[in-house]
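Structural overview
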Amino acid sequence: MRTARRSTPADRRTPAAPTTPASPVLLPRRTPSADDSEGDGDGDDDDGRPDPVLDVVVPVHNEEKDLERCVRRLHAYLVETFPYSFRITVADNASTDATPRIAARLARDLPGTCWIRLAEKGRGRALHTAWSGSRSPVLAYLDVDLSTDLAALLPLVAPLISGHSDLAIGTRLARGSHVVRGPKREIVSRCYNGLLRGTLAVGFSDAQCGFKAVRRDVAERLLPLVEDRGWFFDTELLVIAERAGLRIHEVPVDWVDDPDSRVHIVSTALADLRGMARLGRALAGGRLPLTALRRGGGLERVTELPPGLAGQLLRFAAVGAASTLCHLLLYTALRSFTGAQAANALALLASAVANTAANRRLTFGVRGRHGVLGHQLKGLAAFLVGLALTSGSLAVLHRTAPEAGPGPELLTLVLANLAATLLRFLLLRAWVFPGRGARRTRGTSAS
């Protein structure tokens, strides 16, 4: 609930009235700066003028050190360069330091600045609350440390204002991005986004960059479906949007790591893994009304799986069945000459080479000799993972049942191969043949 009233929006340029969903926001006329009275919650201010075109939310928790510097710098940038009317909303989630007092002072001093106070902690909760209560046609947020160069703000929101895209994100992992950060955070970020591509088959490149925007009419349909109220909020919002076929625009950004970041990597990573598992179960069980999120007639037909995934799974399953049969036949033929472990390794190696070649052409549609050696080397790395899994299963069987014969061994290998096959598909899709699954949308929108 808003506990402090909005100060005067910086509407030196008066925007046109908010448009109907899927329509572009009309460009505002440049007019002299004027003060507005308090918002009354109906989408228009008391003097009859509509809300600003853009509402930029800055979620904060105990940010007394950086808050004033951030908001004043953001406000000055918007006043000097941004061609539309705007509002800055400081969303304080349960700060215990001087953050609320600073936010209240900024709301009094800076036209177009307001703040809200939440009793519970959570970045996702702050964004959910602020976006749900705003009537601006375009909603955005950025992190208080201003790690992202503000020059990317207009390119971020322009496709939403024009009606071309539904959501927009800054990406640190696209060509054209310039990123300065330590190796630990670089590795964590790339592993996280790689895991997302492998498990949820996402097409967007950077889920956690604190620089995003969404059309209000789209947010009104998405927000009720997003359960997370912490750091996974961004990822969940984007995954649901992409699965529903909404257009996600990506903007390469210049980004400098904040050395004073207070994000606890281990606890955040564990929470994200739980979020992925929960969201994966919801998507697999069809519990999300994805088709209801589509704009009326504005998007292509949407399936419950990302583009191409259903066909890939069928082709991969066929190749995998043939490979498994080949592996078992070779194992049976070699076992009497080499022993169980050596026979398994040789059979798995031969079937892995054939499997990579078949999946390269049939499952992921890669033709020609370009990159074939790299694909096979990565395929062999995936083979080593499968070898460790199947060999480990045989070792456990022989330790627990020393007298086990070929029958139990084959059954153990079948079960281990099923697990190795699933892991192999994820590695092939996200690592060996990246970009051959869900479509990426760097610099352009993905429909």
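The structure presented is a predicted model; accordingly, all values stated were derived computationally and were not measured.

Let us now look at the packing of aromatic side chains. Per the stated rule, a full pass over the model turns up three aromatic pairs. Between Trp131 and Phe233 the ring centres are 6.3 Å apart and the planes differ by 55 degrees, which places this aromatic pair in the tilted class. In this pair, Trp131 sits in helix H3 (residues 123-133) while Phe233 sits in helix H7 (residues 233-243), placing the two residues 102 residues apart along the sequence. For the pair shown, Trp131 and Phe233 are each scored as buried. Three or more aromatic residues joined by ring pairs form one cluster here, namely Trp131, Tyr141 and Phe233. Directly above the ring of Trp255 sits Arg172, whose terminal nitrogen or CZ lies 4.7 Å from the centroid.

Between helix H11 (residues 372-400) and helix H12 (residues 406-432), the shortest axis-to-axis distance is 9 Å and the interhelical angle comes to 155 degrees. With respect to their mutual orientation, H11 and H12 come out roughly antiparallel. Handedness of the crossing formed by H11 with H12: right-handed. Residues that form the contact of H11 with H12 fall into these classes: 16 nonpolar, eight polar and three charged.

Let's shift gears to the sheet that holds strand E7 (residues 167-171). Strands sit in the order E5-E4-E3-E6-E9-E7-E10 across an open sheet of seven strands; the sheet is mixed. Across the chains shown, the open sheet's two edge strands, defined by having one partner strand only, are strand E5 (113-118) and strand E10 (248-252). Neighbour-to-neighbour, the strand axes of this sheet turn through a mean angle of 20 degrees, independent of strand direction. Across seven bridges, strand E3 (residues 54-60) lies against strand E4 (residues 86-93) in parallel orientation. Following the sheet pairing, Val60 is matched in E4 by Asp92. Sitting on the sheet, helix H1 (residues 67-81) touches E3, E4, E5 and strand E6 (138-142), and the angle it makes with E4 is about 165 degrees. Helix-sheet contacts for H3 involve E3, E4, E5, E6 and strand E9 (211-215), and the interaxial angle to E3 is about 155 degrees.

Excluding glycine, residues mostly carry a negative phi; peptide bonds, for their part, are mostly trans. The phi dihedral of Asn62 falls on the positive side, at around 55 degrees, and the residue is not glycine. Phi is positive for Ala94, close to 60 degrees, though the residue is something other than glycine. Within the secondary structure, Ala94 sits in the loop between E4 and helix H2 (99-109). Look at Ala94 and you get buried, because its relative accessible area is 14%.

The next thing to look at is H1. Compared with the 21 Å implied by 1.5 Å per residue over 15 residues, the 21 Å span of H1 between its first and last C-alpha is a close match. Here H1 has its buried residues at Leu67, Cys70, Val71, Leu74, His75 and Leu78. Take H1 and look down its axis: the buried residues cluster within an arc of 120 degrees, on one side only. Contacts made by the buried residues of H1 are with E3, E4, H2, E5, E6 and helix H4 (153-161).

Conventions used here
- Here, residues in each chain are numbered from 1, in the same order as that chain's written sequence.
- Where totals are concerned, whole chains, interfaces and linings use all residues; where local detail is concerned, this predicted model gives features only for residues with pLDDT of at least 70, and gives and counts side-chain atom pairs only at 80 or more.
- The side-chain values count all of the structure's non-hydrogen atoms but skip hydrogen atoms and water molecules.
- Pairing of aromatic rings covers Phe, Tyr and the six-membered ring of Trp, with a centre-to-centre limit of 6.5 Å; geometry is then stacked below 30 degrees between planes, edge-to-face above 60, and tilted otherwise.
- In this description a helix means any DSSP run of H or I spanning at least four residues, a strand means any run of E spanning at least two, and both kinds are numbered starting from the N terminus.
- The rule is simple: take the accessible area with a 1.4 Å probe, protein chains only, and divide by the maximum for that residue type; under 20% is buried, over 50% is exposed, in between is partly exposed.
- Definition used: whenever NZ (Lys) or CZ (Arg) falls within 6 Å of the ring centre and also within 35 degrees of the ring normal, the charge is taken to sit over that ring.
- For every element, the axis is a line fit to its C-alpha atoms; helices are fit only across the contacting stretch, and the angle between N-to-C directions ranges from 0 to 180 degrees.
- What sets the label is the angle itself: under 35 degrees gives roughly parallel, over 145 gives roughly antiparallel, 65 to 115 gives roughly perpendicular, and the rest give oblique.
- Crossing handedness follows the turn of the near helix against the far one: under a right angle anticlockwise gives a left-handed crossing, and clockwise gives a right-handed one.
- Classification used: nonpolar for Ala, Val, Leu, Ile, Met, Phe, Trp, Tyr, Cys and Pro, charged for Asp, Glu, Lys and Arg, polar for all others including Gly.
- Two strands pair under a simple rule: DSSP has to find at least two bridges between them.
- Here, residues are in contact when the closest pair of their heavy atoms is within 4.5 Å.
- One fewer than the residue count of a helix, multiplied by 1.5 Å, yields its expected span.
- The directions considered for the arc run from the helix axis to the C-beta atoms.

Just geometry here; none of it tells us what the structure is for.
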